[in-house]
There are 2 protein chains.
Amino acid sequence: MTDSNPNASLTAPSIPGDALPPVEQHAQQYATVRNAHETELIEDYVELIGDLLAHRGEARAADIASRMAVSQATVSKMIRRLNELELVTSKPYRSLFLTEAGQKMAETSRARHDIVLHFLRALGVRDATARIDAEGMEHHVSDETLAIMQRFTEQQQNS
Amino acid sequence: MTDSNPNASLTAPSIPGDALPPVEQHAQQYATVRNAHETELIEDYVELIGDLLAHRGEARAADIASRMAVSQATVSKMIRRLNELELVTSKPYRSLFLTEAGQKMAETSRARHDIVLHFLRALGVRDATARIDAEGMEHHVSDETLAIMQRFTEQQQNS
DNA sequence: CAATATTGTTAGCCAAGGCTAAACTATTTG
DNA sequence: CAAATAGTTTAGCCTTGGCTAACAATATTG
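Keep in mind the model is a prediction, meaning the values are calculated, not measured.

J.: Please provide a residue-by-residue account of the protein's contact with DNA strand C, values included.
T.: The full set close to DNA strand C counts 20 residues, and A:Ser71, A:Thr74, A:Lys77, A:Arg81 and B:Ala62 are the nearest of them. Backbone atoms, meaning sugar and phosphate, form 64% of the atoms of DNA strand C found within 4 Å of the protein. Between a phosphate oxygen of DNA strand C and a side-chain N or O atom of A:Arg81, the distance comes to 2.2 Å. In this structure, B:Ala62 approaches DNA strand C through a main-chain N or O atom, which is 2.6 Å from a phosphate oxygen. Broken down by secondary-structure element, the contributors of at least two residues to the surface near DNA strand C are α3 (72-84) of chain A together with α2 (61-68) and α3 (72-84) of chain B. For the surface near DNA strand C, the element with the most residues is α3(A), which contributes five residues. Residue composition of the surface near DNA strand C, grouped by class: ten nonpolar, four polar and six charged.

Below you can see the structure in the form of structure tokens.
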């Protein structure tokens, strides 16, 4: 380091005990997040389609578009991808349905989502906030943490 | 709905009391997540640069690349963006530094990250898992939830 | 101090996920 | 049942965030 350091105030670690993780571990953290991002949107679509089917009996592109606050063109393009991934079946101008793989994904996503949402409420987070946070968090919570969240929620309820 | 429904098993809601949220609320949930995604990567870079400066005294593109598990070309491109956003200053072949805005962002991100990480550990999540989950979750935790997490962690420590 | 190794940059490619505008299909209704 | 409205698809554009390969600058070392 030949430069002077204008960020001198940052030179001392804010939390002295917390060193940087070893490179490999650090790298894996970021890689895991990047990976989650790739499947995230897909899961959100599939989960929403499952919910629409469950609650409404049908899942139309227009409903998805308004619930996701996205244009219908975007939904249409995405449905093509879901089709290629064999997660949904669609006939033009007809309701979507989930394939078996799609149903499995929808159930898994829904379950994760519910665990996170109920956990946040059990923690004391207001409903509207909990819903927003759960939507963002659900794809980044490991199975280990998920299990702990579920236990926590149950204990909270029995008291 | 003129079609027969091959997803009949999904017709009954898994959790009967949990109806679909009203369209506007639902839409806002997704919009919030999409929005978080836009700033997420930027924050990760800035946070990492801050950490490198704090712990190493300098932040080189090569370190960022290996810690993020990403090519140097990607980092180089990203640094150009951070420059345009006036979050970092950089001279070619020299360490990066944070602007004031960059430092502020780094501190905020680091603080959020630490709160989430400590919370997960307080919950009983193993360290390695907590680190991975925290990295993904930090950008999706509202201030309200963050405050609750912090309180929880403190209570846990005083017992 | 020249050769080599490391580090950084640039150019050009790709896929994903947005958008608008235009065209087409289906449904509803006067 | 024709016209209007609503829903869907397609085409074509843009930005972001990856990548590799080729080149340029700096540092290290024999």
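Text resumes after the structure shown.
J.: Tell me what's going on with the packing of helix α1 (residues 23-56) of chain A against α2(B), and back it up with residues and numbers.
T.: At their nearest, the axes of α1(A) and α2(B) sit 6 Å apart, and the two run at 65 degrees to each other. In this structure, α1(A) contributes A:Val23, A:His26, A:Ala27, A:Tyr30 and A:Arg34 to the contact, and α2(B) contributes B:Ser66, B:Arg67 and B:Met68.

J.: Can you explain the environment of B:Leu96? Please cite residues and give values.
T.: Residue and element names in this part refer to chain B. Its location among the elements puts Leu96 in the loop between β1 (88-89) and β2 (97-98). In the structure, Leu96 is positioned 46 residues away from Gly50 in sequence and 9.6 Å away in space, judged by C-alpha atoms. Discounting chain neighbours no more than four positions away, the residues touching Leu96 are Ile49, Leu53, Ala59, Ile64, Ile79, Thr89 and Ser90.

J.: Report on the pattern of salt bridges, specifying residues and quantitative values.
T.: Scanning the entire structure with this criterion turns up 16 salt bridges over all chains. A:Asp143 is the salt-bridge partner of A:Arg112, the closest N and O atoms lying 3.3 Å from each other. Placement of the pair is A:Arg112 in helix α4 (residues 100-123) and A:Asp143 in helix α6 (residues 143-157), with a sequence separation of 31 residues. Residue classification places A:Arg112 among the buried positions, given a relative accessible area of 17%. Residue A:Asp143 is classed as exposed on the basis of its relative accessible area, which comes to 58%. Linking B:Asp114 and B:Arg110 is a salt bridge whose minimum nitrogen-to-oxygen distance equals 2.9 Å. Within this pair, B:Asp114 and its partner B:Arg110 are both found in helix α4 (residues 100-123), separated by four residues, close to a single helical turn. Under the relative-accessibility criterion, B:Asp114 is labelled buried at 7%. Three or more residues are tied together by salt bridges with common partners; here these are A:Glu47, A:Asp51, A:Arg110 and A:Asp114.

J.: An account of the interface of chain A and chain B is needed here, citing residue identities and associated values.
T.: How big an interface is tends to be expressed through the accessible area that disappears when the partners come together. Listed by partner, the interface residues are 79 residues for chain A and 79 residues for chain B. A buried area of about 6,900 Å², summed over both sides, lies between chain A and chain B, and 57% of it is on carbon and sulfur atoms. Where chain A meets chain B, there are two salt bridges. Among the ionic pairs, B:Glu144 bridges to A:Arg126, the shortest N-O distance being 3.4 Å. Residue assignment for the side of chain A that touches chain B shows that the elements contributing at least two residues are α1, α2 (61-68), β2 (96-98), α4, α5 (127-137) and α6 of chain A. The element contributing the most residues to the side of chain A that touches chain B is α1(A), with 21 residues. Partitioned by chemical class, the residues of the side of chain A that touches chain B number 33 nonpolar, 26 polar and 20 charged.

J.: So what's going on with the relation of the copies chain A and chain B? Which residues, and what values?
T.: Here the two chain copies are tied together by a rotation about an axis and a shift along that axis. For the pair chain A and chain B, the relating rotation is 180 degrees, the translation along its axis is 0.0 Å, and the fit reaches an RMSD of 0.1 Å. The superposition operator between the copies reduces to a two-fold rotation axis. Identified as the residue of chain A closest to the rotation axis by C-alpha distance is A:Met137, at 2.7 Å. Comparing contact sets, 100% of the residues at the interface of chain A also lie at the interface in chain B, consistent with an isologous, same-surface contact.

The rules behind these values
Every chain is numbered on its own, with residues counted from 1 as its sequence reads. Think of it this way: whatever chain is written first is A, whatever ligand is written first is 1, and the rest follow in order. In keeping with the predicted nature of the model, local features appear solely for residues at pLDDT of at least 70, side-chain atom pairs appear and are counted solely at 80 or more, and the whole-chain, interface and lining totals rest on all residues. Working from all heavy atoms in the structure, the side-chain values ignore hydrogens and water. Each residue is tested against the molecule or strand, and it is near if at least one of its non-hydrogen atoms lies within 4 Å. A 3.5 Å cut-off defines polar contacts: any pair of N or O atoms within that distance qualifies, except that in protein one atom must be a possible hydrogen donor and the other a possible acceptor, and neighbouring residues in sequence count only when both atoms are side-chain atoms. The helix and strand labels rest on DSSP assignments: H or I over at least four residues marks a helix, E over at least two residues marks a strand, and numbering proceeds from the N terminus. Gly counts as polar in this scheme, as do all residues outside two lists: the nonpolar Ala, Val, Leu, Ile, Met, Phe, Trp, Tyr, Cys and Pro, and the charged Asp, Glu, Lys and Arg. Structural elements are reduced to axes, namely lines fitted to C-alpha atoms, with helices fitted over the stretch in contact, and the angle between N-to-C directions of any two is expressed from 0 to 180 degrees. Should any heavy atoms of two residues lie within 4.5 Å, those residues are considered in contact. The salt bridge criterion pairs a side-chain nitrogen of Lys or Arg with a carboxyl oxygen of Asp or Glu, the two atoms within 4 Å. Between buried and exposed lies partly exposed: a residue is buried under 20% and exposed over 50% of the maximum accessible area for its type, with that area taken using a 1.4 Å probe on protein chains only. Buried area is a sum: the accessible area each of two parts loses on coming together, probed at 1.4 Å, counted once for each and added. In this comparison the copies share one frame, found by least squares on the C-alpha atoms of residues holding pLDDT of at least 70 in both.

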